[in-house]
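One-letter residues, chain by chain:
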Amino acid sequence: HAPRINNGRKAWSDHLVPDCGMWMNKGETIHYWTKPIDGVVIKTLARECKHSLVEMKKVASVDIVVGGNHGQGKFQAVIKIVLRYVNVEVKTKMIVIKVGHIEAKKDTYDILKNTVTPEMNDAIKRIKQGGNVLRIFENAETKEIELTFSNDVLLNEASGCKWAMPVRVFLSGNLAFFATV
């Protein structure tokens, strides 16, 4: 059973559910799952904002390091969210989250391109299409904190953007991973 918090909701109800799939490779069934990188970043930083919006307003930039590696019969994709603060004397905060998994003996180009990397590529494109900027809003009606990678100037002005942070995306991995992302 899932742990519960005071109001009866599951404690991880705000987490993203992985998209699970399988792919046939030369008679072998490859099982995998992914989570959208942009969605994971938004959910993670929304939790940070709920904890302290004041602290998030001290963030100068966000780096998203996308990496993947194979070992012990499985491939794992992770992101490291690096929060760099305006005050350089404040220690950089790093959050590491798993965003993909493949059960396979090897991480060949064909396996990667037919399992986890299409979703990873789509998520990176969505971040880039947002102008490489993460914006924080406060919903006027619900007072909930909302984040978006949108670069719509009218939306930002109309919705009362509270803070905007430049975002950089970096890749780290072996050659098979680089070839597919």
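Below or above, wherever it landed, is the structure these notes cover.

Calculation notes
Residues numbered from 1 in each chain as written. Predicted model: local features only at pLDDT ≥ 70, side-chain atom pairs only at ≥ 80, totals over all residues. Heavy atoms only, no water. Core = buried A, V, L, I, M, F, W, Y, C linked by side-chain atoms within 4.5 Å. Buried < 20%, exposed > 50% of the residue type's maximum accessible area, 1.4 Å probe, protein only. Contact = heavy atoms within 4.5 Å. Pairing = 2+ DSSP bridges. Helix = DSSP H or I, 4+ residues; strand = E, 2+ residues; numbered from the N terminus. Axes fitted to C-alpha atoms, helices over the stretch in contact; angles between N-to-C directions. Expected span 1.5 Å × (residues − 1). Arc of directions from axis to C-beta. Salt bridge = Lys/Arg side-chain N within 4 Å of Asp/Glu carboxyl O.

Grouped together as the largest cluster of nonpolar side chains are 42 residues, with contacts concentrated most on Ile37 and Ile79. When near neighbours in sequence (up to four residues on either side) are disregarded, isoleucine 79 contacts Ile37, Val40, Val41, Ile64, Val65, Val66, Ile95, Val96, Ile97 and Val99.

With that settled, consider the sheet that holds strand β2 (residues 28-34). As summarised here, the arrangement of the 8 strands in space is β1-β2-β5-β4-β3-β8-β6-β7, forming an open sheet in which the pairing is mixed. Each end of this open sheet is capped by a strand with a single partner; those strands are β1 (19-25) and β7 (145-148). The sheet shows a mean angle of 25° between the axes of neighbouring strands, taken without regard to direction. Where strand β3 (residues 59-71) and strand β8 (residues 161-173) come together, 7 bridges link them in parallel fashion. Along β8, the bridge assignment pairs isoleucine 64 with valine 169.

Let us now look at helix α1 (residues 37-51). A rise of 1.5 Å per residue sets the reference length of α1, with its 15 residues, at 21 Å; its end C-alpha atoms lie 21 Å apart and thus fit the reference within 8%. For α1, the set of buried residues is Ile37, Asp38, Gly39, Val40, Val41, Thr44, Leu45, Ala46, Glu48 and Cys49.

Relative to the helices and strands, threonine 34 is located in strand β2. You can call threonine 34 buried: its relative accessible area is 2%. Setting aside residues up to four positions removed in sequence, threonine 34 forms contacts with Pro18, Asp19, Val99, Gly100, Val116 and Glu119.

Another aspect to go through is helix α4 (residues 117-129). Look at α4: 18 Å from first C-alpha to last across 13 residues, which is about the 18 Å you get at 1.5 Å a residue. Among the residues making up α4, those that are buried are Thr117, Met120, Ala123, Ile124 and Ile127. Axial view of α4: buried residues confined to an arc of 120°, hence all on one face. Turning to α4, the residues buried within the fold contact α1, β3, β4 (74-85), α3 (109-113), β8 and α6 (175-180). The first or second residue beyond α4 is glycine 131, which carries a positive phi of 80°.

Here the phi dihedral of lysine 26 falls at roughly 55°; this positive angle occurs in a residue that is not glycine. Within the fold, lysine 26 resides in the loop between β1 and β2. According to the relative accessible area criterion, lysine 26 is exposed, its value standing at 81%. One non-glycine residue with positive phi stands out, namely glutamine 72, at about 55°. Relative to the helices and strands, glutamine 72 resides in the loop between β3 and β4.

Let us now look at the pattern of salt bridges. Side-chain pairing between opposite charges can occur once the charged atoms of the two side chains come close. Under the defined criterion, the tally for this structure stands at 6 salt bridges. Among the salt bridges present, the one from lysine 93 reaches glutamate 48, with a minimum N-O distance of 2.7 Å. Residue lysine 93 is found in strand β5 (residues 93-103), and its partner glutamate 48 is found in helix α1; the two are separated by 45 residues along the sequence. Taking relative accessible area as the criterion, lysine 93 reaches 30% and is therefore assigned partly exposed. Residue glutamate 48 is classed as buried on the basis of its relative accessible area, which comes to 18%. For arginine 84, the salt bridge identified is with aspartate 63, shortest N-O distance 2.8 Å. Here arginine 84, found in strand β4, pairs with aspartate 63, found in strand β3; they are 21 residues apart in sequence, far enough to count as distant. For arginine 84, a relative accessible area of 33% gives the class partly exposed. Aspartate 63 sits in the buried class, given a relative accessible area of 2%.

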